[in-house]
Structure formats: structure tokens, C-alpha cells
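Structure at a glance
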Amino acid sequence: MIGFSAVLMWATLALLTDLSGTVPPFQLTAMAFTIAFFIGLAAWVQAGGNVLRHLRLPWQVWALGIVGLFGYHFFYFMALRHAPAVEASLIAYLWPLLIVFFSALLPGERLRWFHGAGAIAGFLGAGLLVTKGQGFSFDPQYTTGYLAALVCALTWSGYSILSRYFGAIPTNAVGVFCGATALLAWICHALFETTVVPVGWEWAAILALGLGPVGLAFFTWDYGVKHGNIRVLGALSYAAPLLSTLLLIVSGRAEATAVVGLACALIVGGAVLATLDFFRPRAEETPTQ
């Protein structure tokens, strides 16, 4: 449930991004992750002791965290620059499906047919939401963008799976990754974009982004993938685009259609299918030792 709270927060990403105005993507990422860094800093202060001790992490953990958080956003923005948003977003949203299948590589984990079937149903539902039921086509001229989107999906799914291997690393370490991501995003902003100063309520939207979907969500996701059922989390992640679309509909920024209804049935049905064994007593599970 803690991990799924990240999915709920990511569902607000589209609405809050829309409310943030015309702030360019790397600048928005830098601002949001700077706020997220202060969440980590507050957790370090609350833990007591020298806050600098939280920086003393194995180099593998540093690499995983920076590649996971910054790499995902970098390749996602590159995909959007070099390919149509519909195709790029759909390829990038392979990550929950990949998490479900890659989880079979983890010690003590076993992939069952209904895990895969549920995740595939969720992906089909997400595909309907992204394409609005109008289909899509792959054009060879956008190959660079397609590859960037695929790397994006592999990056986040790989980060999530490998985080499980570093379960002994406290979740507070995510604050380090957020700070490094913010720094790299500021550098990319300086190189590729022109600064846009937010106005009015756009500041509130950016603050909400940094506190929620681009902040606390990464802390709760880290805890979830380390201590929860990672197959279930992967399948339930397809609730994010569905809930995001529903929020846009409620706020008047999108229209309710039959396609949304079908996508809802696929995503919810897939989630139910993928979690068939979730409530099974642990005593019935095969021992892992």
C-alpha cells in the first residue's frame, strides 16, 4: 500500500504539469527535484546525527539512483523531442509490464501466468488511453525517439528491480538521488532551454509536483519495491494513466468517452487478475530458503 501511494501521486502528474504553465521540461524537473531533495534533507535531520553520513553510499547505489531518476526523465524528454508524443509515451509506458516480467529474475520470486496476463491487459488499457483509441503507427524517421522511449522504460523498470537487491539501503537515500537529479536537470536546462519564470498559481502547481509525484512518490515507491510484492506493484502501476485521465475529465481538461470506459475495464480487470494470489496466506507459499 505504501508503494501504491506513489502510483496515486503519479496520477496527478499530468494535471499538475498542465497547471504549471509553459515552464520547459528540464527546468520543471529541476525545480521539482530540488523540492524533493529538501524532503530527503528533512528526513536526514529528523534521523539525527551528521546529515553528511547519508551521502556515504556504495558507488553502485549512487549509480543506480542517479541513472534511475535522472536517466528516466532524460530519455523520456529526448523521446518526446524525437518522436510523436503518442508513440513515445506508449513505448515508455512498457515499464510496469517489464517490472512484472523482470521480477521473475529476483530471488524467491515466481512469475505465474495471471501476473503476466494482468500486466498485458493493463498495458492494452494504457495504450487505449494514450492513443485515444485511434491507433498509432511507427515511422522509421522517428527511430531515435522510439529507442529513447524504450531506454526510458528499461531504465525505470531496471531501477525498480535492482532497488530490491539493495534492500538494506534505507529509503532516506532517495534524497541523495533527488539532489543529484536536480543538479543534472539544472545543467540540462542551461544547455537546452530558455528559462521561464512561473506566475501566480503556477508556483503552487510546481510546489505540489515537488511534494507529490516528483517528490514523496519516489520515497514511497522505493519502500514499496524493497518491501512489498513487486509483481503486484508493477501491475497496479497501470492505474496511474487511468486515474490521471479521470482527474483530467473531472477538472474539465478531458472528455469522458467509451474508449476511457474500455480502458478502465482492461486496467482494473488486469489488476484484479495480476493480484489473484496477493491475499493468499504466506504459509501456502513455497519457502525461499
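Criteria and cut-off values
- Residues numbered from 1 in each chain as written.
- Predicted model: local features only at pLDDT ≥ 70, side-chain atom pairs only at ≥ 80, totals over all residues.
- Heavy atoms only, no water.
- UniProt positions renumbered as here; feature names shortened; annotations may be inferred.
- Helix = DSSP H or I, 4+ residues; strand = E, 2+ residues; numbered from the N terminus.
- Axes fitted to C-alpha atoms, helices over the stretch in contact; angles between N-to-C directions.
- Parallel < 35°, antiparallel > 145°, perpendicular 65-115°, else oblique.
- Left-handed = near helix turned anticlockwise from the far one by under 90°.
- Contact = heavy atoms within 4.5 Å.
- Salt bridge = Lys/Arg side-chain N within 4 Å of Asp/Glu carboxyl O.
- Buried < 20%, exposed > 50% of the residue type's maximum accessible area, 1.4 Å probe, protein only.
- Core = buried A, V, L, I, M, F, W, Y, C linked by side-chain atoms within 4.5 Å.
- Expected span 1.5 Å × (residues − 1).
- Phe/Tyr/Trp six-rings, centres within 6.5 Å; stacked < 30°, edge-to-face > 60°.
- Disulfide = S-S within 2.5 Å.

**What about the UniProt feature "domain: EamA" (unreviewed entry) in the chain?**
UniProt records the feature "domain: EamA" (unreviewed entry) at residues 3-130 and 144-275, using the numbering of this structure. In residues 3-130, helix accounts for 75% and strand for 0%; the two terminal C-alpha atoms are 24 Å from one another. Taken end to end, residues 144-275 is 78% helix and 0% strand, and its first and last C-alpha atoms sit 36 Å apart.

**Focus on the environment of Leu111**
Mapped onto the fold, Leu111 is located in the loop between α6 (95-102) and α7 (113-131). Considering only alpha carbons, one finds Leu111 and Arg231, 120 residues apart in sequence, at a separation of 8.0 Å.

**A look at the packing of helix α5 (residues 85-92) against α7**
A packed helix pair is summarised by two numbers, namely the angle formed by the two axes and the spacing between the axes. The interhelical angle for the contact between α5 and α7, taken along N-to-C directions, is 160 degrees, at an axis separation of 9 Å. One finds that α5 runs roughly antiparallel with respect to α7. In the packing of α5 onto α7, the handedness of the crossing is right-handed. Seen from α5, the contacting residues are Val86, Ser89 and Leu90; seen from α7, they are Phe123, Gly127, Val130 and Thr131.

**Thoughts on the pattern of salt bridges**
Tallied over the full model, the rule gives one salt bridge. For Lys226, the salt bridge identified is with Asp222, shortest N-O distance 3.1 Å. Separated by four residues within a single helix, Lys226 and Asp222 lie in helix α10 (residues 202-227), roughly one turn from each other. Take Asp222: its relative accessible area is 2%, and that puts it in the buried class.

**Description of the nonpolar core**
Ranked by internal contacts, the top residues of the largest apolar core, which has 62 residues, are Trp10, Trp95, Trp156, Phe177 and Trp221. At eight residues, α10 tops the list of elements feeding residues into this core. Non-local contacts of Trp156, meaning those with residues more than four positions away in its chain, are made with Trp10, Gly68, Leu69, Tyr72, Trp95, Phe218 and Trp221. In terms of nonpolar packing, the next biggest core, distinct from the first, is built from twelve residues, Phe26, Ala79, Ala149 and Cys188 among them.

**Examining helix α4 (residues 59-82)**
Between its terminal C-alpha atoms α4 stretches 32 Å, which fits the 34 Å expected from 24 residues at 1.5 Å a residue. Of all the positions in α4, only Val61, Leu64, Gly65, Gly68, Leu69, Phe70, Gly71, Tyr72, His73, Phe77, Met78 and Ala79 are classed as buried. Check the buried side of α4 and you find it contacts α3 (25-47), α5, α6, α8 (143-165), α9 (174-192) and α10.

**Remarks on the packing of aromatic side chains**
Evaluated as defined, the whole model comprises 24 aromatic pairs. Centre to centre, the rings of Phe26 and Phe74 are 6.2 Å apart; their planes meet at 40 degrees, and the pair counts as tilted. Here Phe26 is found in helix α3, whereas its partner Phe74 is found in helix α4, with 48 residues between them in sequence. Accessibility expressed as a relative area gives 1% for Phe26, which makes it buried. Here Phe74 falls in the partly exposed class, since its relative accessible area comes to 23%.

**Observations regarding the state of the cysteines**
A full pass over the atoms with the stated rule returns zero disulfides. With no disulfide of its own, Cys152 has Cys188 as its nearest cysteine by sulfur position, at a separation of 14 Å. Using a relative accessible area of 0% as the deciding quantity, one classes Cys152 as buried.

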